[in-house]
Amino acid sequence: MTADEKSSPPAGRLVAVSLDEASIGRVITAASHRGTGLGRELLARAVAIAEAKWPKAPLRIGAQAHLEAFYGSFGFVKASEPYDEDGIMHIEMLRAPASP
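Predicted, not measured: the structure shown is a model, and the values here were computed from it. In this convention, every chain numbers its residues from 1, walking through the sequence in written order. Local features in a predicted model are, by the rule used here, given only for residues with pLDDT of at least 70; side-chain atom pairs are given and counted only at 80 or more, and totals for whole chains, interfaces and linings are based on all residues. The basis for every side-chain value is the complete set of heavy atoms in the structure, and neither hydrogens nor water enter the calculation.

Enquirer: Mind showing me how you'd approach the packing of aromatic side chains here?
Expert: Here is the rule: rings of Phe, Tyr and Trp (six-membered ring for Trp) pair when centre to centre is within 6.5 Å. Planes less than 30 degrees apart are stacked, more than 60 are edge-to-face, and the remainder are tilted. Inspection of the entire model under this criterion finds three aromatic pairs. Where F70 meets Y71, the ring centres are 5.0 Å apart and the plane angle is 75°; that geometry is what we call edge-to-face. Here the term buried applies to any residue with accessible area under 20% of the maximum for its type, exposed to any over 50%, and partly exposed to those in between, with areas from a 1.4 Å probe on protein chains only. For F70, a relative accessible area of 23% corresponds to the partly exposed category. Residue Y71 is classed as buried on the basis of its relative accessible area of 6%.

This is how it looks when you write it as structure tokens:
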């Protein structure tokens, strides 16, 4: 682990995938900050920003499969079978739009 990894805050990426759907990209928390609630705060902020920018769009995330319950606590539901990405099992998850 590098010095940067020890002091890095969580990071994420929010993008509009299409006019019909938005997506949260990688959600990353340095190992030294895991278990502190920062990842939960980062995801809550990303969801709030996506809802503000694209209130009628569903929100997609490619989640590590073992974190399904974590993302489920934010309203995401499993939308694919598991798939391998870089040696880690992932699933696609969708969250219904804030306003239909």
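Enquirer: What should I look at first to understand the pattern of salt bridges in this one?
Expert: Close approach of charged atoms lets side chains of opposite charge pair. A side-chain nitrogen of Lys or Arg and a carboxyl oxygen of Asp or Glu constitute a salt bridge if their distance falls within 4 Å. Across all of its chains, the model carries six salt bridges by this definition. Residue D86 is joined to R26 by a salt bridge in which the shortest nitrogen-to-oxygen separation is 3.6 Å. One end of the pair, D86, is in the loop between β5 (83–85) and β6 (88–95); the other, R26, is in strand β2 (residues 22–28), with 60 residues separating them in the sequence. Between R60 and E92 there is a salt bridge, with its nearest N and O atoms 3.2 Å apart. Of this pair, R60 sits in strand β3 (residues 59–64) while E92 sits in strand β6, placing them 32 residues apart in sequence. Put simply, DSSP H or I for four residues or longer makes a helix, DSSP E for two residues or longer makes a strand, and each gets a number counted from the N terminus.

Enquirer: Just checking my understanding: could you explain the layout of surface pockets for this structure?
Expert: Rolled over the atoms, a probe with the dimensions of a water molecule shows which regions are left empty. We place a 1 Å grid over just the protein atoms. Points where a 1.4 Å probe fits but has no way out form a cavity, open points with protein on both sides within 12 Å along at least 5 of 7 lines form a pocket, and any residue with an atom within 4 Å of a point lines it. Grid points are joined across faces, edges and corners, and a volume is the space filled by probe spheres set on the points. Estimates place the volume of the largest pocket at around 710 Å³. Only β2, α2 (38–53), β3, α3 (68–72), β5 and β6 provide two or more residues apiece to the lining of the largest pocket. When residues of the lining of the largest pocket are assigned to their parent elements, the largest contribution, six residues, is made by β2. For the lining of the largest pocket, the residue count by class is 11 nonpolar, 12 polar and seven charged. Polar here means any residue outside two lists: the nonpolar Ala, Val, Leu, Ile, Met, Phe, Trp, Tyr, Cys and Pro, and the charged Asp, Glu, Lys and Arg; Gly therefore counts as polar.

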